[in-house]
Amino acid sequence: MTIEAVSEFSFLAGQAGVLGVDAQPMTRVSVTAGEGRTVSALKYTDDEPVVTLLHGAGLNAHTWDATVLSMGLPALAIDLPGHGDSSWRDDATYSPSNLADDVIQALEALTSRPQILVGHSLGGLASAAIAARRPDLVERIVFVDIVPALDPKVGPAELRAFYSQQDFASRDEVVDYAMSFGMGSDREGTARGVLFNTRVRDDGRVEWKHHFAQLALAILPEGAAEGTLVQNEQSWQNFAAITAPITLVRGDHGYIDEPALATFAQRLPDATIITVDAGHNVQETQPVALGAIITASSDTD
């Protein structure tokens, strides 16, 4: 399969057809945030968003396309700073708090009501920071395969290995590489993700489009003793401060193992926990199931 240079919206009709739903109009919007940075986002339908979605490290807003199409709610998917079409930070510091600073400004500019805030992985930690700081912006919160305590031999180790290769001869080579790590539900879907997440340099080589790829080896832990969880106490404080209803969607072969799940359940006993047959990127392998969970959360007022 050869990846063509196509519009970022060219795949929507095909995705909608596979899902058996109508394609939604989509536009790219942007706002200016701190220090002149641009925060870029995808707006699905012309109606006011009721759902805002934040992707994980190394991904971009298009990771949510199938999920949003399946749930049929007006939605906003934001490219986190350093990802997609949003600006890279000059200080290369992408903490949940820093990400929240820019996302809050985007929410203030692009939404007019409290949102069902959906956060995957790093986007989930940023969502917690937003909900703790600005509860007025959040109606409900859905975390996708992330808690503030992870086994470093699972998620972080896998990401370190994945980003050990920084450039490739072609996008088709990137697709082969990504699929060797079990990423994407099929080759077509993986190719679509690669198109949105890479760029071609002047020398013809293909590299990752996001800043995280250049930083991953420096910021991800290499490992720890058997049975040790890496605890993010600041994120735990954010989770504990959330006043909105919380749902955790866990992939049964994702990054949250049983000890991490038990810690989450103990510290947040009122949260709803739903486990689905998926890996870490639930939104890509089980978009319909995830969309149904998000839609159900919108109907429980």
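Basis of the calculations
Residues numbered from 1 in each chain as written. Predicted model: local features only at pLDDT ≥ 70, side-chain atom pairs only at ≥ 80, totals over all residues. Heavy atoms only, no water. Pairing = 2+ DSSP bridges. Helix = DSSP H or I, 4+ residues; strand = E, 2+ residues; numbered from the N terminus. Axes fitted to C-alpha atoms, helices over the stretch in contact; angles between N-to-C directions. Contact = heavy atoms within 4.5 Å. Core = buried A, V, L, I, M, F, W, Y, C linked by side-chain atoms within 4.5 Å. Buried < 20%, exposed > 50% of the residue type's maximum accessible area, 1.4 Å probe, protein only. Phe/Tyr/Trp six-rings, centres within 6.5 Å; stacked < 30°, edge-to-face > 60°. Lys NZ or Arg CZ within 6 Å of the ring centre and 35° of its normal. pLDDT = per-residue confidence, 0-100. Expected span 1.5 Å × (residues − 1). Polar contact = N/O pair within 3.5 Å; in protein donor to acceptor, adjacent residues only side chain to side chain.

## Considering the sheet that holds strand S5 (residues 115-120)
Strand order in the open sheet formed by eight strands is S1-S2-S4-S3-S5-S6-S12-S13, and the pairing between neighbours is mixed. The strands lining the two open edges of the sheet, one partner per strand, are strand S1 (26-32) and strand S13 (272-276). Taken over all neighbouring pairs, the strand axes of this sheet differ in orientation by 20° on average, direction set aside. Against the sheet, helix H4 (residues 122-133) makes contact with strand S3 (51-54), S5 and strand S6 (138-144), and its axis sits at roughly 145° relative to S5, the strand it touches most.

## Points about the nonpolar core
Among the nonpolar cores identified, the biggest contains 63 residues, and Ile130, Phe143 and Phe264 are the most heavily contacted of them. Phenylalanine 264 has contacts with Val147, Trp236, Phe239, Ile246, Leu248, Ala271 and Ile273, leaving out every residue within four places of it along the chain. In this structure, Ala61, Leu69, Ala77 and Ala278 belong to the second largest nonpolar core, which totals 27 residues.

## Section: the packing of aromatic side chains
Counted according to the given criterion, the structure contains 13 aromatic pairs. Measuring from ring centre to ring centre gives 5.1 Å for phenylalanine 162 and phenylalanine 181, while their planes differ by 85°; the resulting arrangement is edge-to-face. Taken as a pair, phenylalanine 162 in helix H5 (residues 155-162) and phenylalanine 181 in the loop between helix H6 (171-180) and helix H7 (187-197) lie far apart in primary sequence, 19 residues in all. Under the relative-accessibility criterion, phenylalanine 162 is labelled buried at 4%. Arranged with centres 5.1 Å apart and planes meeting at 55°, the rings of tyrosine 177 and phenylalanine 181 form a pair that is tilted. By relative accessible area, which is 14% here, tyrosine 177 ends up buried. Counting every residue linked through ring pairs, the aromatic cluster contains Phe162, Tyr163, Phe168, Tyr177, Phe181, Trp208 and Phe212. Over the ring of phenylalanine 11 we find arginine 192; its NZ or CZ atom is 5.9 Å from the centre of that ring.

## Structural notes on the confidence of the model for the protein chain
Across the protein chain, the average pLDDT comes to 89, with 92% of residues at or above 70. Contacts for the low-pLDDT stretch residues 1-5, under 50 throughout, to residues beyond four places or in other chains number 12 contacts. The low-confidence segment residues 224-228 (pLDDT under 50) makes eight contacts with residues lying over four places distant or belonging to another chain.

## Some words on the sheet that holds strand S8 (residues 167-168)
Taken in spatial order, the three strands line up as S8-S10-S9 in an open sheet, and their pairing is antiparallel. Each end of this open sheet is capped by a strand with a single partner; those strands are S8 and strand S9 (198-200). The pairing of S8 with strand S10 (residues 206-208) spans two bridges and is classified as antiparallel. Paired with phenylalanine 168 across the strands is valine 206, a residue of S10. Packing of H7 onto the sheet brings it into contact with S9 and S10, and relative to S9 it is tilted by some 60°.

## Regarding H4
Along its 12 residues, H4 runs 17 Å from first to last C-alpha, staying within 8% of the 16 Å computed at 1.5 Å per residue. Counting buried positions along H4 gives 10 out of 12 residues, so the element sits mostly inside the fold. Those residues of H4 not exposed but buried are Leu122, Gly123, Gly124, Leu125, Ala126, Ser127, Ala128, Ala129, Ile130 and Ala131. Along its buried surface, H4 packs onto S3, helix H3 (96-110), S5, S6 and helix H9 (233-241).

## Regarding the side chain of threonine 111
Note on placement: threonine 111 falls in the loop between H3 and S5. Residue threonine 111 is classed as buried on the basis of its relative accessible area of 13%. Of the polar contacts made by the side chain of threonine 111, one reaches the backbone oxygen of leucine 107; its length is 2.6 Å. When neighbours within four sequence positions are excluded, threonine 111 is seen to be in contact with Pro49, Thr52, Leu76 and Ala106.

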